[in-house]
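Descriptive analysis of the structure
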2 protein chains.
Amino acid sequence: MSLLIVGSIALDSIDTPLEKHTDMLGGSASYAAIAASFFCPVRLVGVVGTDFPKPFTELFSRFKIDTEGLKYEEGKTFRWHGKYEWDYNTRSTLSVDLNVFEKFNPVLPASYQSSPYVLLANIHPALQMNVFNQVKNPKFVVADTMDLWINIAQEDLRALLRKVDMLILNDSEAREFTKETSLIRAGRKMLGMGPQYVIIKKGEHGSLLFGDNKFFSAGAYPLEDLHDPTGAGDTFAGALMGHLAGTGGDITFEAIRKGIIYGSTLASFNVEAFSLGRLQTVTQEQISERFEKLKLYSQF
Amino acid sequence: MSLLIVGSIALDSIDTPLEKHTDMLGGSASYAAIAASFFCPVRLVGVVGTDFPKPFTELFSRFKIDTEGLKYEEGKTFRWHGKYEWDYNTRSTLSVDLNVFEKFNPVLPASYQSSPYVLLANIHPALQMNVFNQVKNPKFVVADTMDLWINIAQEDLRALLRKVDMLILNDSEAREFTKETSLIRAGRKMLGMGPQYVIIKKGEHGSLLFGDNKFFSAGAYPLEDLHDPTGAGDTFAGALMGHLAGTGGDITFEAIRKGIIYGSTLASFNVEAFSLGRLQTVTQEQISERFEKLKLYSQF
């Protein structure tokens, strides 16, 4: 079944201690859409400027992503410039230019309005709510968020949480949002804010799933080297939702658990190259291989 | 089969944001020995002063720990005073008094010299080597270590690593020791220093096992509250080695994997109360229950 994804589409410039790259394809929706496309048909909602490079649009087409909901506005595409320190865990934003994203008012094409699965990738929670409100009777809706919205738009975020089925955020954000030191307490506290499931992403330490009075802890794929952590979380969310939409079955704790492992798998490929470089070359066979290895690495 | 454990035996004073306790039973060997005693016969090597409280000696007896190797020296027992910040991750040492531990020169009783399993719990690596050299043809020897020895006794530690079968240390220590950011690179690099297996402990994030060209990632037991993290690592190592000695079978990657889960299980109980309070009351049934839950929490 189809998965609707709304989020940012950006031109990223990234500095790591080893390399610098400018104006690469980025944004939460770009990563999530390409990752999800390995599992299900994807409908993309977003906005870019007239400077958006043609090869990037073609990339979406190559992955059979429906771009009827992708708006081209007069002006420049959203740009982000970030820098990673030597440990790749500390990231600082050098500049942000919202450009056409500033007045983004997503309007769903008629063909998108009955999408059964919805991924509200990381953007302002009011925009996420706007899209949510345009979808008729969705089967499963997931929101990804970040520290920025916890800090400047917490009321919007809390309103959204009363509507969606699952929340995804990372460990430091979970602690900040709930004011709890223990991630276990944090996860359970967020369940009380509305969503039936909560996923806390922990980067190199994997992720935790809460819900249905159950618990699941997933390890990350063991990588010796990473080249660009940008978009790992978006890729994780995209592949996870792609798996759920692709099977089209009931949303159970077990199904989400498996989706998390696909999320970890795709994210592990994504960080091996800048931008979407690695996701453009990864094969279904390589995905299956890492999925099976993750099973092996966690069994006892 | 029997497990020989050498390490520190201390009187700990601990301040947390919520409670303060003084002169409780502590030290790496105390935690490791009590934890291991749930799985196998334990032979303890250590030193205490004449002020060592009788109830603590009786506690070792109650857990059927062989204390023939426990020396009572004229003077005071080793004392440590530590403080935890509100997140329980930041620990500072307020004072250390080595006392009788300063001149500790372990001499194994004849009955200990053929111990098949040896846990060199966290003490100076030269003392660990001293004990190692007195054991005849051990089957499996594990060394636990800490940042202090990496900083002030690295040559002794490296010499020890060429002799032992497995090294256990935590994530920040692994990074410090190997100068690697990636724990995966760090783990593999330490395999090159001698031991056949390396375990990196990650506290709330579980642990990683390297060796036999294999990899295993274990999640921690999900706890909402912890009261005193002291000795969690020693408890982990004790239960892990206790499991291996208790079954007495071949040391395989699979056996160590299972031992790690027992280590995580016992450590999860240990942090629920100060000192060895929780390990004194935990039952075999409760241990089995958490072991099974950890299996459930990691399966997909």
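See the structure above.
Attention here is on the structure that accompanies the text.

Conventions we followed
- Residues numbered from 1 in each chain as written.
- Chains lettered and ligands numbered in written order.
- Predicted model: local features only at pLDDT ≥ 70, side-chain atom pairs only at ≥ 80, totals over all residues.
- Heavy atoms only, no water.
- Salt bridge = Lys/Arg side-chain N within 4 Å of Asp/Glu carboxyl O.
- Helix = DSSP H or I, 4+ residues; strand = E, 2+ residues; numbered from the N terminus.
- Buried < 20%, exposed > 50% of the residue type's maximum accessible area, 1.4 Å probe, protein only.
- Arc of directions from axis to C-beta.
- Contact = heavy atoms within 4.5 Å.
- Buried area = accessible area lost by both parts, 1.4 Å probe.
- Polar contact = N/O pair within 3.5 Å; in protein donor to acceptor, adjacent residues only side chain to side chain.
- Nonpolar A, V, L, I, M, F, W, Y, C, P; charged D, E, K, R; others polar.
- Pairing = 2+ DSSP bridges.

**Here's the deal with the pattern of salt bridges**
Inspection of every chain in the model, using the stated rule, returns 30 salt bridges over all chains. Between A:Glu204 and B:Arg175 there is a salt bridge, with its nearest N and O atoms 2.9 Å apart. One end of the pair, A:Glu204, is in the loop between β11 (197-201) and β12 (207-211); the other, B:Arg175, is in helix α6 (residues 171-178), on a second chain. Overall, B:Arg175 belongs to the partly exposed group, its relative accessible area being 24%. Shared partners join several salt bridges into a network, and the residues in it are A:Glu180, A:Arg185, A:Arg188, A:Lys189, B:Glu224 and B:Asp225.

**Side note on helix α5 (residues 154-161) of chain A**
All names here are of chain A. Residues of α5 that are buried: Leu 157, Leu 160 and Leu 161. One face of α5 carries all of its buried residues, which in axial projection span an arc of 100°. In this fold, the buried residues of α5 make contact with β8 (117-120), α3 (125-134), β9 (140-144), α4 (147-152), β10 (166-170) and α6 (171-178).

**Details of the interface of chain B and chain A**
Residue-level contacts link 30 residues of chain B with 30 residues of chain A. The junction of chain B with chain A conceals about 2,900 Å² of combined surface from both sides, 54% of it contributed by carbon and sulfur atoms. Looking at the side of chain B facing chain A, the largest losses of area belong to B:His205, B:Glu224 and B:Phe300, adding up to 26% of the total buried there. Connecting chain B to chain A are eight salt bridges. The partner of A:Glu224 in a salt bridge is B:Arg188, with the nearest N and O atoms 2.8 Å apart. Counting the contacts that link chain B with chain A gives 15 residue pairs in polar contact (both at pLDDT 80 or more). In terms of residue count, the dominant contributor to the side of chain B that touches chain A is helix α10 (residues 284-298) of chain B (six residues). Class assignment for the residues of the side of chain B that touches chain A results in 13 nonpolar, seven polar and 10 charged.

**So, the pairing of strand β2 (residues 10-15) of chain B**
The side chains of a regular strand alternate between the sheet's two faces. Residue and element names in this part refer to chain B. For β2, the buried fraction is high: six of the six residues fall into the buried class. Because side chains alternate across β2, one face comprises the buried residues Ala 10, Asp 12 and Ile 14, and the other comprises Leu 11, Ser 13 and Asp 15, equally buried. By the bridge criterion, five bridges tie β2 to strand β3 (residues 20-26) in an arrangement that is antiparallel. Following the sheet pairing, Asp 15 is matched in β3 by Lys 20. Between β2 and β3, which pair antiparallel one after the other, the connecting turn spans four residues. Pairing of β2 with strand β6 (residues 79-84), which is carried by five bridges, proceeds in the parallel orientation. Residue Asp 12 lies in a different strand from β6, and its bridge partner there is Trp 80.

Geometry only, nothing functional implied.
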